[in-house]
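Observations on the model geometry
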Amino acid sequence: MDGAGRLGLVMRELAILSFVTLDGVMQSPTSPEEDASGGFAAGGWGAPYWEQVMPQVYAEAMSAPYDLLFGRRTYDVFASHWPNVDPEEDPVAARLNGGHKYVAARTASHPLAWGPATRIGDDLVGEVGRLKSGDGPLIQVHGSAELIQTLLAHELIDEFRLWVFPVVVGDGKRLFADGVVPGSLELLRTGSTGNGVVMSVYRRSS
């Protein structure tokens with residue numbers, strides 16, 4: 001989805017796709033091993049809901065072409081799984097494996113074996129701004145809690161694709177962490193699954 005940028009220029013847009021608990025935590029929804037940083041012990045809270053959630057996620061946020069922007073940790077988690085999934089059997093794998101991956105990894109020696117992939121170094125804000133001003137499909141961020149905080153702080157997110165799970169976990173990395181820039185969002189569409197997960201897609205108000 002393309003949008004109108006500053007000075008009337010057409011720019012690529014950036015959307016985040018996040019799974020969030022009812023109390024706002026987005027850390028480690030898939031498994032306990034995904035991200036246990038900070039002593040987080042509730043990893044895997046989303047797993048019981050995947051069967052109904054993922055078809056809706058694909059239909060609403062993953063069926064059209066897009067490139068991917070990852071934090072290093074999330075890239076590694078995805079890279080350990082999705083290259084091993086047959087894209088002819090799983091349309092999610094086809095999109096993830098085929099999309100270009102941009103990875104926020106400061107260390108040049110960090111391997112980017114899951115491609116096509118490009119490393120983004122220390123100038124994250126500048127590089128993302130340049131990506132958005134160039135040609136190409138939507139840029140979509142999956143997971144990557146720390147990366148999202150930087151994108152929020154610099155108002156680089158155009159669309160929020162959120163799935164809120166009926167789970168409360170307490171402490172953990174939150175989508176909207178302390179110090180987030182206040183603002184308003186416009187609801188584009190909403191939906192739910194039979195097991196109680198609520199989808200809300202928002203757009204940043206101009």
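My aim in this report is to walk through the structure given alongside it, one point at a time. (Residues numbered from 1 in each chain as written. Predicted model: local features only at pLDDT ≥ 70, side-chain atom pairs only at ≥ 80, totals over all residues. Heavy atoms only, no water.)

Let us look at the overall build of the protein. For the protein, the helix and strand inventory stands at five helices and 10 strands. Computed over its C-alpha atoms, the radius of gyration of the protein comes to 16 Å, within 12% of the 17 Å expected for a compact globule of 206 residues. Relative to its full complement of 206 residues, the protein shows a buried share of 42%. The contacts in the protein between residues at least 6 apart in sequence include a share of 68% that link residues at least 24 apart. Of the roughly 10300 Å² that the protein leaves accessible, carbon and sulfur atoms contribute 53%. In the protein, the 16 positive side-chain charges and the 25 negative ones have mean positions that sit 6 Å from each other. (Helix = DSSP H or I, 4+ residues; strand = E, 2+ residues; numbered from the N terminus. Rg over C-alpha atoms; globule rule 2.2 N^0.38 Å. Buried < 20%, exposed > 50% of the residue type's maximum accessible area, 1.4 Å probe, protein only. Contact = heavy atoms within 4.5 Å. Areas by Shrake-Rupley, 256 points an atom, 1.4 Å probe, with all protein chains shown as cover. Lys, Arg positive; Asp, Glu negative; His and termini not counted. Charge placed at Lys NZ, Arg CZ, Asp CG, Glu CD.)

For the bond running from glycine 115 to proline 116, omega is -5°, close enough to zero to count as cis. Positive phi values are uncommon outside glycine, yet serine 144 reaches one of about 65°. Of note, serine 144 is situated in the loop between strand S7 (138–142) and helix H5 (145–153). Classification of serine 144 as buried rests on a relative accessible area of 6%. Phi angles above zero are rare outside glycine, and glutamate 155 is one such case at about 55°. Counting through the fold element by element, glutamate 155 comes out in the loop between H5 and strand S8 (159–165).

Next up on the list: the sheet that holds strand S6 (residues 117–120). Reading across from one edge, S6-S5-S4-S7-S3-S8-S10-S9 is the order of the eight strands in this open sheet, with mixed pairing throughout. In this open sheet, the two edge strands, each paired with only one partner strand, are S6 and strand S9 (185–192). Neighbour-to-neighbour, the strand axes of the sheet open up by a mean angle of 20°, direction not taken into account. Bridge count for strand S3 (residues 14–21) against S8 is seven bridges, and the pairing is parallel. If you follow leucine 17 over to S8, its bridge partner there is arginine 161. Across the face of the sheet, helix H4 (residues 124–133) comes into contact with S3, strand S4 (66–71), strand S5 (101–104), S6 and S7 while running at roughly 140° to S6. (Pairing = 2+ DSSP bridges. Axes fitted to C-alpha atoms, helices over the stretch in contact; angles between N-to-C directions.)

Core analysis: the biggest nonpolar cluster contains 32 residues, and Phe19, Val53, Met62, Trp82, Leu96, Trp163 and Phe165 have the highest contact counts within it. Top element by residues in this core is helix H1 (residues 50–62). It accounts for five residues. Discounting residues that sit within four places of it in the chain, leucine 96 has contacts with Met62, Tyr66, Leu68, Phe78, Trp82, Lys101, Trp114 and His142. Of all hydrophobic cores here, the second largest spans 22 residues; its members include Val20, Tyr102, Leu124 and Ile157. (Core = buried A, V, L, I, M, F, W, Y, C linked by side-chain atoms within 4.5 Å.)

Looking now at the environment of threonine 150. With respect to the helices and strands, threonine 150 occurs in helix H5. Residue threonine 150 is classed as partly exposed on the basis of its relative accessible area, which comes to 28%. In this structure, the C-alpha to C-alpha distance between threonine 150 and valine 125, residues 25 residues apart in sequence, is 7.8 Å.

Take the pairing of S3 next. For S3, a buried count of eight out of eight residues is recorded, marking the element as mostly surrounded by other parts of the structure. The sheet contact formed by S3 and S7 spans four bridges and is parallel. The partner of leucine 14 across the bridge, within S7, is isoleucine 139.

A cluster of nonpolar side chains, namely Phe176, Val180 and Leu185, defines an oily patch on the protein surface of about 220 Å² accessible area. Assignment of secondary structure puts leucine 185 in strand S9. We classify leucine 185 as partly exposed; its relative accessible area is 35%. (Patch = residues over 30% accessible without salt bridge, like charges linked within 9 Å, V, L, I, M, F, W, Y side chains within 5 Å. Salt bridge = Lys/Arg side-chain N within 4 Å of Asp/Glu carboxyl O.)

This paragraph deals with the side chain of serine 28. Among the secondary structure elements, serine 28 is positioned in the loop between S3 and H1. Overall, the relative accessible area of 2% leaves serine 28 in the buried class. Setting aside its immediate chain neighbours within four residues, serine 28 contacts Glu34, Asp35, Phe40, Gly43, Gly44 and Trp45.

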